[in-house]
Amino acid sequence: MRDHFDDVTLAGDGFVLRPVELSDADAIVDGASDPQTLQWLPLPRPYEREHAVEWINNHTAPPAFPRVIGVGSAFAGVIDLKKTDWRGRTTEIGYWLHPAFRGRGLMADAVRLLGDWALRTQEMERVEIRVATGNVASQRVARSAGYVQEGTLRNAGFLHEGRVDLIVFSRIRADLN
Ligand SMILES: CC(C)(COP(=O)(O)OP(=O)(O)OC[C@H]1O[C@@H](n2cnc3c(N)ncnc32)[C@H](O)[C@@H]1OP(=O)(O)O)[C@@H](O)C(=O)NCCC(=O)NCCS
């Protein structure tokens, strides 16, 4: 049975999804320190360089899978496949963008590319996105990427502000056209 995703670089329209490198550390610190990032993800706060270096060192080889969203030579954000159940063939996408790359629909394109790749080529049957009920931008990303809203998981998430309800979205193999 497969137990990790292929360690690939995926090419999208104007961006790539590539492995993370130590040279991404400063950009990761910058993007992860943004108040909106820290509002919706329970990352260390303050987010220091040592956090980025430790995270990179723990996520450069399979089974870890995060991809950097690269635009030209610039770091634009991170997208990951996590909580993967290889026997059940389900996985979950998580993501954040550096503030300089928000507001142009980039994440919806990245989510569609990565999720559909997982469904088409990595034996996945279902890809989930879980979003706090207050995180409207991320909910729009999920819908724009072709994910179907299923329901609300009560008290299922934690952020710096405390416990939150999570809306669950999914895309399944049958949704592919
Ligand atoms: C979520 C995130 C990746 C989206 O970035 P993006 O791809 O640039 O998304 P946009 O800024 O284009 O916003 C997506 C949509 O939501 C809308 N939107 C953004 N903020 C909004 C708000 N506060 N209220 C209503 N709509 C909003 C945008 O107008 C856009 O609409 P469109 O689909 O009609 O174009 C980015 O905001 C981010 O990194 N947030 C912090 C981390 C995070 O929330 N991660 C996800 C955790 S589940």
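Before reading further, recall that the structure is shown in the block above.
Scoring rules and cut-offs
- Residues numbered from 1 in each chain as written.
- Predicted model: local features only at pLDDT ≥ 70, side-chain atom pairs only at ≥ 80, totals over all residues.
- Heavy atoms only, no water.
- Pairing = 2+ DSSP bridges.
- Helix = DSSP H or I, 4+ residues; strand = E, 2+ residues; numbered from the N terminus.
- Salt bridge = Lys/Arg side-chain N within 4 Å of Asp/Glu carboxyl O.
- Buried < 20%, exposed > 50% of the residue type's maximum accessible area, 1.4 Å probe, protein only.
- Near = heavy atom within 4 Å.
- Polar contact = N/O pair within 3.5 Å; in protein donor to acceptor, adjacent residues only side chain to side chain.
- Areas by Shrake-Rupley, 256 points an atom, 1.4 Å probe, with all protein chains shown as cover.
- Nonpolar A, V, L, I, M, F, W, Y, C, P; charged D, E, K, R; others polar.
- Phe/Tyr/Trp six-rings, centres within 6.5 Å; stacked < 30°, edge-to-face > 60°.
- Lys NZ or Arg CZ within 6 Å of the ring centre and 35° of its normal.

Asks: Describe the pairing of strand β2 (residues 16–19), and please don't skip the residues or the numbers.
Replies: Here strand β1 (residues 10–11) pairs with β2 via two bridges, running antiparallel. The partner of Leu10 across the bridge, within β2, is Leu17. The antiparallel hairpin formed by β1 and β2 contains four residues in its connecting segment, where Gly14 sits at a positive phi of about 90°. With four bridges joining them, β2 and strand β3 (residues 67–71) adopt antiparallel strand pairing. Paired with Pro19 across the bridge in β3 is Arg67.

Asks: Before we move on, could you go through the pattern of salt bridges and cite the residues and values that matter?
Replies: The tally for this structure, following the rule as stated, stands at 14 salt bridges. Asp34 is paired through a salt bridge with Arg102; the nearest N and O atoms lie 2.9 Å apart. In this pair, Asp34 sits in the loop between α1 (25–32) and α2 (35–40) while Arg102 sits in the loop between β5 (90–97) and α4 (106–121), placing the two residues 68 residues apart along the sequence. For Glu92, the salt bridge is made with Lys83, and the minimal N-O distance between the two is 3.7 Å. Given a relative accessible area of 7%, Glu92 falls into the buried group. The class of Lys83 is exposed, set by a relative accessible area of 61%. Shared partners join several salt bridges into a network, and the residues in it are Lys82, Lys83, Glu92, Arg126, Glu128, Arg130 and Glu150.

Asks: Please give an account of the site of the ligand that cites residues and values.
Replies: Taken together, 20 residues lie near the ligand, and Tyr95, Leu97, Gly103, Asn135 and Arg140 sit nearest. With respect to the ligand, the backbone of Gly103 contributes an N or O atom lying 2.7 Å from an oxygen atom. Relative to its unbound accessible area of 950 Å², the ligand is 68% covered by the protein chains. Looking at which element gives the most residues to the shell around the ligand, the answer is helix α5 (residues 136–144), with six residues. Across the shell around the ligand, the residue classes break down as nine nonpolar, seven polar and four charged.

Asks: Go over the packing of aromatic side chains with me, naming the residues and quoting the values.
Replies: Evaluation of the coordinates by the stated rule reveals five aromatic pairs. Aromatic pair Phe65 and Trp117: ring centres 5.6 Å apart, planes at 10°, arrangement stacked. You can see Phe65 sitting in the loop between α3 (49–58) and β3 and its partner Trp117 sitting in helix α4, a full 52 residues away along the chain. An identical accessibility class is assigned to Phe65 and Trp117; each is buried. Pairing Phe75 with Trp96 gives two aromatic rings, centres 5.8 Å apart and planes at 50°, and the pair type is tilted. Remark: Trp96 occurs in strand β5 and Phe75 occurs in strand β4 (residues 74–85); sequence separation between them is 21 residues. Judged by its relative accessible area of 12%, Trp96 falls in the buried class. Connected via pairs of aromatic rings, a cluster forms that spans Phe5, Phe65, Trp86 and Trp117. Between Arg67 and the ring centre of Phe65, over which it is positioned, the NZ or CZ distance is 4.3 Å.

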